[in-house]
Amino acid sequence: METAILKAAIAVLTISLTGCGNAKDESAVNQTETTSLTTQEIKIETETSAISAAETLTEAFTAPETQTNATETTENENIVKKSFSNYTIAIDAGHQSHGNSAQEPIGPGASETKAKVTGGTSGKASGLDEYELNLIISLKLKKLLEEKGYNVIMTRETNDVDISNSERAAIANSANANAFVRIHANGSDDPAVNGAMTICQTPSNPYNGYLYDESYSLAENILNSLTEETGAYREKIWETDTMSGINWATVPTTIVEVGYMSNREEDLKLANEEYQDKVALGIMKGIEKYLQVNE
Ligand SMILES: [Zn+2]
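Criteria and thresholds
- Residues numbered from 1 in each chain as written.
- Predicted model: local features only at pLDDT ≥ 70, side-chain atom pairs only at ≥ 80, totals over all residues.
- Helix = DSSP H or I, 4+ residues; strand = E, 2+ residues; numbered from the N terminus.
- Buried ≥ 20, exposed ≤ 12 C-beta atoms within 10 Å, placed from the backbone.
- Contact = placed C-beta atoms within 7 Å.
- Pairing = 2+ DSSP bridges.
- Axes fitted to C-alpha atoms, helices over the stretch in contact; angles between N-to-C directions.
- Core = buried A, V, L, I, M, F, W, Y, C linked by C-beta atoms within 7 Å.
- Arc of directions from axis to C-beta.
- Left-handed = near helix turned anticlockwise from the far one by under 90°.
- Nonpolar A, V, L, I, M, F, W, Y, C, P; charged D, E, K, R; others polar.
- Parallel < 35°, antiparallel > 145°, perpendicular 65-115°, else oblique.

Colleague: Describe the overall build of the chain, listing the residues and the values that go with them.
Modeller: For the chain, the helix and strand inventory stands at 10 helices and 8 strands. By the burial criterion, 42% of the 295 residues in the chain qualify as buried. For the chain, the proportion of contacts with a sequence separation of at least 24, taken over those separated by at least 6, is 78%.

Next comes the structure, spelled out in structure tokens:
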């Protein structure tokens, strides 16, 4: 319990430290930080044994603002890296260059089956395949998270693989990931439909309904940050028990549908590198907000 609180304190304090350099939206960031810190401090007060450790951390993290000692700053940066390395984020770039229509149960012990993995959609205007776009965004997300010191597990880093959806979940499960984030892009018969959506299980999911609260929070925080960062329409959080890669997961999981490749305008945005950077940044911010609240 102490360790969990301490980890959370480190996360909150770390985020406030790294947020300092972000001049663009400093006022908004600072406001959020203050609120988070207050909540955290209230939590810590109830755990008397954790107070002294947390105070020490507070000193460590406030130090760089008031002094310029290079050695101490480096030490603090090491603390930052160390704290984030406590968190493991598993990323699944959805689909692969060739689908595999062999069947697998949609969840542990299920009689219903689905294709192991499908080929995904493709860009109507860009010509990009979904599996390619998913990997591009996933690798950008990996880079952003690793720069902050997170431990990142990838289900795939090339397109020419054959990994079923249940196998992808198993990778996240065995890493005991704090969050399993599955990157996809959407397609619709209606070319006007656009926007981002995230997906999680229902509370009554027979395989892992116990993960609903955390998965919903992960889905919600990512959808909020992603749409904020990109300006994409916030479609919805879709709760469904039909996704094998969610049903097989034993860690908090969400599918992020970053946008519609069937919508010409959104497809072309998604194929643009600057927009892809915003997508990855939005998802990372959502993961961090989720960790602040849930870890
Ligand atoms: Zn997909």
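Colleague: Account for the environment of E266, naming residues and giving values.
Modeller: Note on placement: E266 falls in helix α9 (residues 264-270). Since 28 C-beta atoms lie within 10 Å of it, E266 is described here as buried. Distance from E266 to S126, taken between C-alpha atoms, is 9.8 Å for residues 140 residues apart in sequence. The residues touching E266, leaving out its near neighbours within four places in the chain, are N194, G259 and Y260.

Colleague: Pulling in residues and values, what's your account of the sheet that holds strand β4 (residues 151-154)?
Modeller: Sheet architecture is open: 6 strands sit in the order β4-β1-β5-β8-β6-β7, paired in mixed fashion. The open sheet has two edge strands, β4 and β7 (234-239), and neither has a second partner. Direction aside, the axes of adjacent strands within the sheet are offset by 20° on average. Pairing geometry for strand β6 (residues 196-200) and β7, over 5 bridges, is parallel. Along β7, the bridge assignment pairs T198 with I237.

Colleague: I'd like to hear about the nonpolar core, residue by residue, with values.
Modeller: In this structure, I89, V181, I283 and I287 are the most contacted members of the largest nonpolar core, which totals 50 residues. When contributions to this core are tallied by element, the ones reaching two or more residues are β1 (88-93), α5 (130-147), α6 (165-174), β5 (179-186), β6, α7 (212-230), β8 (253-260) and α10 (273-294). The leading source of residues in this core is α10, at 8 residues.

Colleague: Residues and numbers for α6, please.
Modeller: Along α6, the residues that are buried comprise N165, S166, R168, A169 and A172. Here the buried residues of α6 occupy an arc of 155° about the axis, which is enough to place them on one side. Following α6 by one or two positions, N176 adopts a phi angle in the positive range, close to 50°.

Colleague: Would you mind going over the pairing of β5 in detail, with residue names and values included?
Modeller: Within β5, 8 of the 8 residues are buried, which leaves it mostly tucked inside the rest of the structure. Side chains of β5 alternate between two faces, with A179, V181, I183 and A185 and F180, R182, H184 and N186 buried alike. As defined by bridge partners, β5 adjoins β8 across 6 bridges and the pair is classed as parallel. Paired with R182 across the bridge in β8 is I255.

Colleague: Describe the packing of α7 against α10, listing the residues and the values that go with them.
Modeller: Where α7 meets α10, the closest approach of the two axes is 7 Å, and the angle between their N-to-C directions is 145°. Crossing of α7 against α10: the hand is right-handed. Tallied by class, residues from the contact of α7 with α10 come to 10 nonpolar, 8 polar and 6 charged.

Colleague: Outline the packing of α5 against α10, listing residues and values.
Modeller: Closest axis-to-axis distance for the α5/α10 pair is 9 Å, and the angle between their directions is 55°. For the element pair α5 / α10, the angle class is oblique. The interaxial crossing formed by α5 with α10 has right-handed handedness. Of α10, the residues touching α5 (which contributes I136, I137, K140, L141, L144 and L145) are Q276, D277, V279, A280, L281, I283 and M284. Taken together, the residues of the contact of α5 with α10 break down into 10 nonpolar, 1 polar and 2 charged.

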